[in-house]
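Here is how the chains run, residue by residue.
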Amino acid sequence: MKDISTRYWLLLILALGIFLSTGSAWLLHFSERAQLNNRLAKDVADRAAGVDREVTASLEALYTLQALFVGRDLVSHEDFVLLSRQTRRRHPDIKAFYWIEQIAANERSHFGAQSQQLLKQEGFQIRRFNAEGHVVKSEDHAFYRPVFYMEPDGAELLPLGLDLSLNTELNPLLSRAAISGDLMLSAGKMAGKGSDSRTLLQAVLPVYQRVNSTKVRGFILAVIDVGAIFEHSLTDIRIAGIDMNLLDITDPTNPMLLHFHPSRTRLPVDHGRAIYHSLNPIGHRLWELQAVPTFYYFNSKRTWLPQLVFLFGMASTLLIMRLFISFAKKNEKMQIQSRELMTSNQELEEISRTDALTGIANRRYFDEVLAKEWKRAIRNQTPLTLIMVDVDCFKMYNDYYGHLEGDECIRKVAQTLKEMMCRPMDLVARYGGEEFAILLPDTNNNAVRLAEQCRRSLAEKQIPHAASKVSPYVTISSGMATLKPDVSTDISELVRQADRALYKAKEKGRNQVCTAQELTESADDPKS
């Protein structure tokens, strides 16, 4: 009987030991899987940080060349080439530097004489590509942006003297850089064929006539090899088993592959565990690192611990359970940190100040700036002007052309309004739907001219609007109000007056500008 009881207890202990060891092995297996996922996320974050550092270092090289032109009326070709070569030795991912001079039409003859002196060669001309792709002399127009210096000489992308003001790809980039004063990056462009193909970017930095001047003297343009940047950033990071794609997601609807870095193992990948990591915005572009691990990445890092736990589970069940608890706590801590990081990212996303459709300020940011400028106007006793803009018959546009074309129309209107702003403190924001708001600090009623210029500028673009009752093209109506705020005036009064003026402009037939002052004068006129 005792032997039978002992046997039962032994069988029970054996069964319990098998159950505990098997359960512990499975729990360790899943805990290890979670840790490997977290390690993958850290590896990808390290690689993204490395790419960020390399891109920033390469773009800072443009500021080195910018300093060459600051405070100097003339910069010799030799100085430009010397500094460019030194910079490219430190940054081999930069394939070429160009100096783009900006000259007005009346300066062309003087520029030609000056170019012969600086380049020490005769026959320099401002040129363009004709329809057959040949380089010919450029005709006269308002201003020119010719390639004046280049390093290395004979760089294949942009010939000497080529007028970039006629280049449909680079001129908009140059113009945006001139308006913003910031360094700008172009979208990627493939160069070469087959195994020699690579993605090149153009980085543009404006150079002004003097410090604190708004007149552009020219531009530093660098051609950068994205693949070289990416590969150099991985020099000190040796992690096998991850395929990586560097994507340009500035346009979320049309992401562009900038560089593909295959894993050294060249083994099948596990698409179900792909990780996306956004890089810091730079040059007004948004990049994202997509990492897809191979099966080797996880298999090479798995241990025999679950199997050992199963083999020795009968003798060490309690110890294994304590070890698992330790692993579980560590994993829970990492998950909490991941959740906190996700919460922080969500908070950053929530306080984003940019309208997703148009790229201009959104309503939330407009309200913040209006409150700030209102207080500043009270403190400085300066006027504050608000222009409310509405796209005429926009519902009919949506019904006639569809919402996709409607979104494109809203983007074009927003870009037109933004292009008309000359001062950094002037703000164009999407107020809601097809309504926009233009806030002009320290501006009086003369801002009506700006409102009229905005209306005419959009009309000149001749965006078709077959359903409009006002014009065959897209038009806008504007209401403007100017106040010199004081502590007794509510901030909503400025919005209310501008909104009333906008309503009056619509009532009078649309496609026009109406001011709050006109409404006041009309109300005071006994004949009205």
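Residues numbered from 1 in each chain as written. Predicted model: local features only at pLDDT ≥ 70, side-chain atom pairs only at ≥ 80, totals over all residues. Heavy atoms only, no water.

### Considerations on the side chain of Thr 385
By the element assignment, Thr 385 lies in strand β15 (residues 384-391). At a separation of 3.5 Å, a polar atom in the side chain of Thr 385 contacts the main-chain carbonyl oxygen of Asn 444. Not counting the four nearest positions on each side in its chain, Thr 385 is found in contact with Ile 438, Leu 439, Leu 440, Thr 443, Asn 444, Ala 447, Met 480, Ala 481 and Thr 482. (Helix = DSSP H or I, 4+ residues; strand = E, 2+ residues; numbered from the N terminus. Polar contact = N/O pair within 3.5 Å; in protein donor to acceptor, adjacent residues only side chain to side chain. Contact = heavy atoms within 4.5 Å.)

### What to know about the nonpolar core
One finds Phe 97 and Ile 220 to be the most contacted residues of the largest nonpolar core, which totals 48 residues. In terms of residue count, helix α1 (residues 2-69) provides more of this core than any other element does, 12 residues in total. The next biggest cluster of nonpolar side chains, apart from the first, holds 28 residues, and it includes Leu 357, Ile 360, Ala 414 and Val 513. (Core = buried A, V, L, I, M, F, W, Y, C linked by side-chain atoms within 4.5 Å. Buried < 20%, exposed > 50% of the residue type's maximum accessible area, 1.4 Å probe, protein only.)

### Details of the sheet that holds strand β12 (residues 256-261)
Pairing within the open sheet is antiparallel, and its 4 strands lie in the order β12-β11-β14-β13. Every interior strand has two partners, whereas the edge strands, β12 and β13 (275-278), have only one. Adjacent strand axes in the sheet meet at a mean angle of 20 degrees, parallel and antiparallel pairs treated alike. The strands touched by helix α5 (residues 226-233) are β11 (242-248), β12 and β14 (287-293); relative to β12, the strand with the most contacts, the crossing angle is about 45 degrees. (Pairing = 2+ DSSP bridges. Axes fitted to C-alpha atoms, helices over the stretch in contact; angles between N-to-C directions.)

### Points about the packing of helix α11 (residues 403-419) against helix α12 (residues 448-461)
Between α11 and α12, the least distance of the axes is 10 Å, while the angle of their chain directions is 135 degrees. On the basis of their axis angle, the class for α11 and α12 is oblique. As α11 runs across α12, the sense of the crossing is right-handed. Of the residues in α12, those touching α11 at Val 413, Thr 416, Leu 417 and Glu 419 are Cys 454, Ser 457, Leu 458 and Lys 461. Of the residues in the contact of α11 with α12, the class split is 4 nonpolar, 2 polar and 2 charged. (Parallel < 35°, antiparallel > 145°, perpendicular 65-115°, else oblique. Left-handed = near helix turned anticlockwise from the far one by under 90°. Nonpolar A, V, L, I, M, F, W, Y, C, P; charged D, E, K, R; others polar.)

### Describing the environment of Ala 501
Following the sequence through the fold, Ala 501 ends up in helix α13 (residues 492-507). What makes Ala 501 buried here is its relative accessible area of 0%. With 24 residues separating them along the chain, Ala 501 and Ser 477 place their C-alpha atoms 9.7 Å apart. Once residues lying within four places of it in the same chain are set aside, the contact partners of Ala 501 are Ser 478, Gly 479, Met 480, Cys 514, Thr 515, Ala 516 and Leu 519.

### Details of the sheet that holds β15
Within a sheet, neighbouring strands are paired by backbone hydrogen bonds and run either parallel or antiparallel to one another. With respect to topology, 5 strands assemble into an open sheet ordered β16-β17-β15-β18-β19, the strand pairing being mixed. Taken across any chain shown, the strands that pair with only one partner, and hence form the sheet edges, are β16 (427-432) and β19 (513-515). Between one strand and the next, the sheet's axes are offset by a mean angle of 20 degrees, whatever the strand orientation. When β15 meets strand β17 (residues 435-441), the two strands line up antiparallel, connected through 7 bridges. What sits directly across from Val 389, in β17, is Phe 436.

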